[in-house]
Amino acid sequence: MIKRELTNIYLADFDLLTESLYLSWIKAFDVETNQLDSSLLKELIISYGPYKYIHTTTKENYTNFTDNFRFNHLTWVNKFLDQLNQDTFSNHIELYKQVICEVESNLFVLKTKAAQIAYAKVLLRDFDKSHVHKLKFEKSESNRQYKEAFEIILDRRSIAEFSIENKDLSTAFTDYDLSVRLINHLDFIDKLIDLFCCFEVDLIELARMQKRNLYIFDSSKDESLSKKDWGTTSIGTAYISLPEGDQSGTQVSSKFQSTLSNECLINIMHHLYKKKKLEKPNIEIWLYWFNRKCVRIPEPLKWKGSDTLLSNIIQHLCGESNSTTIKTAFCTQTYVKPTRKIYESGKMYKDIEQIITISKKKNV
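Conventions adopted
Residues numbered from 1 in each chain as written. Predicted model: local features only at pLDDT ≥ 70, side-chain atom pairs only at ≥ 80, totals over all residues. Heavy atoms only, no water. Helix = DSSP H or I, 4+ residues; strand = E, 2+ residues; numbered from the N terminus. Buried < 20%, exposed > 50% of the residue type's maximum accessible area, 1.4 Å probe, protein only. Areas by Shrake-Rupley, 256 points an atom, 1.4 Å probe, with all protein chains shown as cover. Phe/Tyr/Trp six-rings, centres within 6.5 Å; stacked < 30°, edge-to-face > 60°. Lys NZ or Arg CZ within 6 Å of the ring centre and 35° of its normal. Polar contact = N/O pair within 3.5 Å; in protein donor to acceptor, adjacent residues only side chain to side chain. Disulfide = S-S within 2.5 Å. Expected span 1.5 Å × (residues − 1). Contact = heavy atoms within 4.5 Å. Core = buried A, V, L, I, M, F, W, Y, C linked by side-chain atoms within 4.5 Å. Axes fitted to C-alpha atoms, helices over the stretch in contact; angles between N-to-C directions. Parallel < 35°, antiparallel > 145°, perpendicular 65-115°, else oblique. Left-handed = near helix turned anticlockwise from the far one by under 90°. Patch = residues over 30% accessible without salt bridge, like charges linked within 9 Å, V, L, I, M, F, W, Y side chains within 5 Å. Salt bridge = Lys/Arg side-chain N within 4 Å of Asp/Glu carboxyl O. Lys, Arg positive; Asp, Glu negative; His and termini not counted. Charge placed at Lys NZ, Arg CZ, Asp CG, Glu CD. Nonpolar A, V, L, I, M, F, W, Y, C, P; charged D, E, K, R; others polar.

Caption draft 1: Inspection of the overall build of the protein chain at higher detail. Regarding its fold elements, the protein chain presents 14 helices and 4 strands. The 364 residues of the protein chain split such that 47% are buried. As presented, the protein chain carries roughly 19400 Å² of accessible surface, and 52% of it is formed by carbon and sulfur atoms.

Below is the structure:
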């Protein structure tokens, strides 16, 4: 039997958070210019006061707490964590972490994949409140607006500087209720994605298909601001933290991001090997560089074709061609920009496109 007691309690609290975020956003948003008034938004954030959660147990004693508290999927949040101290974070008994346990228990009760997916869709429906703004934007513009608002809310350092500028020293170093509640909810989403991944349910892809917003924004511009190197996970377009170095001491860079299935990527790998463009490819290593597998000691791929063809193929598979990732994954010092029109008129493009088309038809 599915339990919803804790989930429903959390939803009630989350509705209050959503209302607070919505009111702050709508008051600070200029409909004529389609821009947020960041100064007004900071005033509104401060008006919610300090975080009111009372710890009831002793938190685990970490040497450096924030180093152990990192987002695996919503990695754009990570750059704000160094502004927080240990007391800012809730301990393991806070409500949203109890809800994760309740969801996990329910997943074990649901024996079929269809039932687990239906349960995931219900949760996505209940937790997605992005429609509340009721202002119509293109998807990319909507995401930009959300991220801009969230970053201002989470940026405690910027808010502290704003307080000092306005002579309000009493609130300059306060942890604000609105921002801490938001970061806890984003952590809830992050953990929920990980949980469903254990049951082989891709919550990110499901959210995309259901047009639900999990607030997983493009992190490419944020990665350089993080203390660590953040790569990508095995599902969808999410992100997962990587160790600072592998067993050999080599610094690990971000990996390729592709929406293609594992089977499709493997078929493309075999085709490239058949055409003598890849030397002795290993499926585990190939999928590792496409975010699908964990490998203890990752090795570079061995490319035998031209540098131009390589960048074109990566752009074909991923939608973009990242020079840093290509150099890392293929252990090369050379990168040539893609020549899309020339590539698309060639046989390799047609062969790979045929593999992709066949794969998509099989999965319909």
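Still more ground to cover, so stick around.
Caption draft 2: Quick peek at the packing of aromatic side chains. Under the criterion given, the structure shown has 21 aromatic pairs. Members of the aromatic cluster, each reached through a chain of ring pairs, are Tyr 10, Phe 14, Tyr 96, Phe 127 and Phe 188. If you follow Lys 255 out to its NZ or CZ, it ends over the ring of Tyr 288, 4.2 Å from the centre.

Caption draft 3: Here's a closer look at helix α6 (residues 156–165). Every buried residue belonging to α6 is among Arg 156, Ser 158, Ile 159, Ala 160, Phe 162 and Ser 163, and all of these are buried. Where α6 begins, the capping side chain belongs to Asp 155, and its oxygen is found 3.2 Å from the backbone nitrogen of Ser 158. Two residues or fewer after α6 comes Lys 167, characterised by a positive phi angle close to 65°.

Caption draft 4: Broad picture of the state of the cysteines. Applying the stated criterion across every chain yields a total of 0 disulfides. There is no disulfide at Cys 197, and the cysteine sulfur nearest it, in Cys 198, is 6.1 Å away. You can call Cys 197 partly exposed: its relative accessible area is 29%.

Caption draft 5: Fine view of helix α1 (residues 5–28). The end-to-end C-alpha separation of α1 is 35 Å, in line with the 34 Å expected for 24 residues at 1.5 Å each. Inspection of α1 places Thr 7, Tyr 10, Leu 11, Phe 14, Leu 17, Thr 18, Ser 20, Leu 21, Ser 24, Trp 25 and Ala 28 among the buried residues, and these make up the whole buried set.

Caption draft 6: Up close: the side chain of His 316. With respect to the helices, strands and loops of the structure, His 316 is situated in helix α11 (residues 307–318). For His 316, the contacting residues outside a window of four places in its chain are Tyr 343, Tyr 349, Ile 352, Glu 353 and Ile 356.

Caption draft 7: Up close: unusual backbone geometry. The phi torsion at Tyr 215 lies on the positive side, around 60°, for a residue other than glycine. In this fold, Tyr 215 is placed in the loop between α8 (203–210) and β3 (230–232). Using a relative accessible area of 7% as the deciding quantity, one classes Tyr 215 as buried. With a phi angle near 45°, Lys 280 is a residue other than glycine that sits in the positive phi range. Among the structural elements, Lys 280 can be located in the loop between α9 (262–274) and α10 (283–289). By relative accessible area, Lys 280 is classed as exposed at 70%.

Caption draft 8: Structural view of the nonpolar core. Of all hydrophobic cores here, the largest spans 58 residues; its most connected members are Leu 74, Trp 76, Val 103, Leu 186 and Phe 196. If one sorts the elements of this core by residue count, helix α7 (residues 177–198) sits on top with 10 residues. Those residues in contact with Val 103 that lie beyond four places of it in its chain are Tyr 119, Leu 123, Leu 192, Leu 195 and Phe 196. One finds Phe 256, Ile 268, Leu 301 and Cys 318 within the second-largest nonpolar core, a separate group that totals 32 residues.

Caption draft 9: Quick look at the environment of Tyr 343. Locating Tyr 343 in the fold gives a position in helix α13 (residues 340–344). Its relative accessible area of 7% is what places Tyr 343 among the buried residues. Taking the C-alpha atoms as reference, Tyr 343 lies 8.5 Å from Ile 313; in sequence the two are 30 residues apart. Discounting residues that sit within four places of it in the chain, Tyr 343 has contacts with Leu 309, Asn 312, Ile 313, His 316, Met 348, Tyr 349 and Ile 352.

Caption draft 10: Summary view of the environment of Asp 190. If you trace the backbone, Asp 190 turns up in helix α7. Along the backbone, Asp 190 and Leu 74 are 116 residues apart, and their C-alpha atoms lie at a distance of 6.5 Å. Those residues in contact with Asp 190, other than ones at most four positions away along the chain, are Arg 70, Phe 71, Asn 72, His 73 and Leu 74. Engagement of the side chain of Asp 190 in a polar contact is seen with the backbone nitrogen of Asn 72, the distance being 2.9 Å.

Caption draft 11: Broad picture of the packing of α1 against helix α2 (residues 38–47). Contact pair α1 / α2: the axes reach a minimum separation of 8 Å and the direction vectors enclose 150°. Overall, the two elements α1 and α2 adopt an arrangement that is roughly antiparallel. Seen along the crossing, α1 lies across α2 with a hand that is right-handed. Mapping the contact onto sequence places Ser 24, Trp 25, Lys 27 and Ala 28 in α1 and Leu 40, Leu 41 and Leu 44 in α2.

Caption draft 12: Inspection of a negative patch on the surface at higher detail. A contiguous patch of negative charge, built from Asp 30, Glu 32, Asp 37 and Glu 43, is present on the exposed surface. By secondary structure assignment, the location of Asp 37 is in the loop between β2 (35–36) and α2.

Caption draft 13: Representation of the pattern of salt bridges. Inspection of every chain in the model, using the stated rule, returns 10 salt bridges. For Asp 126, the salt bridge identified is with Arg 125, shortest N-O distance 3.0 Å. Each member of the salt-bridge network shares a partner with another, and the members are Arg 4, Arg 125 and Asp 126.

Caption draft 14: Structural view of the packing of α11 against helix α14 (residues 347–362). Where α11 contacts α14, the two axes come as close as 11 Å, and the packing angle between them is 25°. Viewed along their axes, α11 and α14 adopt a mutual orientation that is roughly parallel. Considering how the two elements wind past one another, α11 and α14 form a crossing that is right-handed. Facing α11, whose interface residues are Leu 309, Ile 313, His 316 and Leu 317, α14 presents Met 348, Tyr 349, Ile 352, Glu 353 and Ile 356. Among the residues making up the contact of α11 with α14, the classes are represented as 7 nonpolar, 1 polar and 1 charged.

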